[in-house]
Amino acid sequence: MQKIVDNHPLKAFNSLTLTLENITNKVMTSKYNPFYYHGALPQYYLWVLYLSGLLLFAYYIPTIDNAYFSKNLVNAWTSVDYITKSLPFGGVIRGIHRYAGDAMVITIFLHAIRVWFTDRYRQYRWLQWVSGIVLALFVLFIGQTGYYLVWDERSLLLTRMTAGAFEAIPAIGPGLKTWFLNGDQITNLTLSNFLFIHIGLSFFLLFGLWVHYLRMTRPVMTPPPAVNYILTAFVLICVFLFPINSGQMADLNTQPSSFEIDWFFLFPYALLSQMPVGAYWAVMVLGTVAITALPWIMIPKQPEIETAEVVLNKCTGCSLCYKDCPYQAIEMVPAPAGSRFKLLATVKDFRCSGCGVCVGACAFDAIDLPDLPDAEVNAKIKALLEAKG
Ligand code: HEM
Ligand code: SF4
Ligand code: SF4
């Protein structure tokens, strides 16, 4: 359980989080408590999205022309309509893809709130925070391109709104609009571009996640099966209670003016429809910068950190401290010539939080915190264990 430093501005939220966590522990036991899998929840939904997306991709046709095949109209809208209404389980798979996307956004949000409230987002965790913001932005854009692919009236309106918003950006705007539409206007090539962005960026998420996990020793990436069943059931209930249907087929000669909003992915469009495009970009950019900068804005006063120190003549190079350090602050380097052992632990001071985990891990008294030596750590642990009975 994470304890927050006394003077942190989020102390009250941290206490609330821990209280909820304790209550959930009583109901579900710690093994199935979703609080302990907060990062693994969006990761699970990502796998569901890949699988359901693959099935949809097999039947999707990225064109907007009114082409006829054996007297049947064939384009993006009719292919989605076919998947939804005629393909066995097609509607269910489309629903799973849609609601797993929504669920991923919800769980990303809860995950971000959790790491923020429990103060695990700054200092040694800034890379996770910043890469998390980038991941969230990508997830948002990928979801929005999914809405364009359906090619109903909403897709047309969103495409036009996005092209207009891009075009309004000084200097790079016209180029961005051309990239987005894959030309000067909406054509078949536009939809193949959307499909490319939707799928290409989805796989780029894997690279983003690699960076996200880079500095974590043992990230919890998979919830236990029972939690997975609950997550899947949540999506399936939505699929059957609120089946997905497309709107009217898009017609380039008309200008749809309103659309049903999915607040998880499309909230930026609600903003865009309410304010001038310049103000919209100002809100989006400043909002994103402010959230990204949180680790450097909300810094509590705290005492100077004493970093761990290796007692060179005692280190056997067993690597236990290296494996246990949560912040990857220990590096195993070749031991100097003449040493009995092959490796030697060294501490990267700039990554060391002084947490003391390595002191507990070392069986050779070979790593210490200068103001909390090994013997004292062991005595403290013993006292705590005795107090717990
Ligand atoms: C695609 C979306 C995301 C996925 C799949 C994901 C997944 C994960 C996982 C599996 C962990 C390890 C959790 C643990 O071991 O307890 C983690 C940690 C973390 N994530 Fe994310 N994350 C995502 C987005 C975000 C976002 C949007 C933020 C914040 C803006 C964020 C911030 C963090 C931080 C600060 C940690 C370190 C927390 C710790 O050490 O306890 N992540 N993430
Ligand atoms: S656990 Fe102790 S002995 Fe083993 S590598 Fe680390 S400091 Fe050296
Ligand atoms: S005290 Fe030890 S375990 Fe903790 S961050 Fe520093 S090197 Fe890693």
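Structural data are supplied above this passage.
Residues numbered from 1 in each chain as written. Chains lettered and ligands numbered in written order. Predicted model: local features only at pLDDT ≥ 70, side-chain atom pairs only at ≥ 80, totals over all residues. Heavy atoms only, no water.

**Student:** Sorry if this is basic, but what is going on with the overall build of the protein here?
**Tutor:** If you tally the helices and strands in the protein, you get 15 helices and six strands. Residue pairs at least 24 apart in sequence account for 71% of intrachain contacts in the protein once pairs closer than 6 positions are excluded. (Helix = DSSP H or I, 4+ residues; strand = E, 2+ residues; numbered from the N terminus. Contact = heavy atoms within 4.5 Å.)

**Student:** Mind showing me how you'd approach the pattern of salt bridges here?
**Tutor:** As a working rule, side chains carrying opposite charge can pair if their charged atoms are close by. As enumerated under the stated definition, the model contains five salt bridges in all. With its nearest N and O atoms 2.7 Å apart, the salt bridge here joins Arg114 to Glu21. Of this pair, Arg114 sits in helix H4 (residues 90-117) while Glu21 sits in helix H1 (residues 11-32), placing them 93 residues apart in sequence. For the pair formed by Arg114 and Glu21, the shared burial category is buried. Between Arg218 and Asp324 there is a salt bridge whose closest N-O contact spans 3.3 Å. Here Arg218 is found in the loop between helix H8 (188-213) and helix H9 (225-241), whereas its partner Asp324 is found in helix H13 (residues 320-324), with 106 residues between them in sequence. Assessed through its relative accessible area of 56%, Arg218 is described here as exposed. Given the relative accessible area of 30%, Asp324 is considered partly exposed. (Salt bridge = Lys/Arg side-chain N within 4 Å of Asp/Glu carboxyl O. Buried < 20%, exposed > 50% of the residue type's maximum accessible area, 1.4 Å probe, protein only.)

**Student:** What am I meant to see in the nonpolar core here?
**Tutor:** When a protein is soluble and globular, its nonpolar side chains tend to lie buried together. Core analysis: the largest hydrophobic core is formed by 62 residues, its most contacted members being Tyr45, Trp151 and Phe180. Trp151 has contacts with Ile64, Ala76, Trp77, Leu156, Thr159, Ile186, Leu191, Met249, Ala250 and Leu252, leaving out every residue within four places of it along the chain. (Core = buried A, V, L, I, M, F, W, Y, C linked by side-chain atoms within 4.5 Å.)

**Student:** Can you walk me through helix H2 (residues 40-57) in this structure?
**Tutor:** An α-helical turn contains 3.6 residues, so a residue and the one three or four places further along point in the same direction. With 18 residues, H2 extends 26 Å between its outermost C-alpha atoms, agreeing within 8% with the 26 Å of an ideal straight helix rising 1.5 Å per residue. Here H2 lies mainly inside the structure; 13 of its 18 residues are buried. (Expected span 1.5 Å × (residues − 1).)

**Student:** Help me out: how do you make sense of the environment of Leu156 in this one?
**Tutor:** You can see Leu156 is positioned in helix H6 (residues 153-167). Note on Leu156: relative accessible area 0%, which makes it buried. In this structure, the C-alpha to C-alpha distance between Leu156 and Trp77, residues 79 residues apart in sequence, is 11 Å. Beyond its immediate sequence surroundings of up to four residues, Leu156 is in contact with Trp151, Ile186, Ala250, Asp251, Leu252, Thr254 and Pro256.

**Student:** Please clarify how the coordination of the iron atom of ligand 1 should be interpreted in this entry.
**Tutor:** Coordination angles at a metal have ideal targets, namely 109.5 degrees for four tetrahedral donors and 90 or 180 degrees for six octahedral donors. Taken together, the protein ligands of the iron atom of ligand 1 are His111 (NE2) and His212 (NE2), with distances of 2.0 Å. Angles of 87 to 180° at the metal separate the six donor atoms of the iron atom of ligand 1, which places the site in the octahedral class. Of this pair, His111 sits in helix H4 while His212 sits in helix H8, and the two are 101 residues apart along the sequence. No difference in accessibility class separates His111 from His212, as the two residues are buried. (Donors = N, O, S within 2.8 Å, 3.2 Å for Na, K, Ca; no water. Tetrahedral: all angles 85-135°; square planar, octahedral: opposite > 155°, others 65-115°.)

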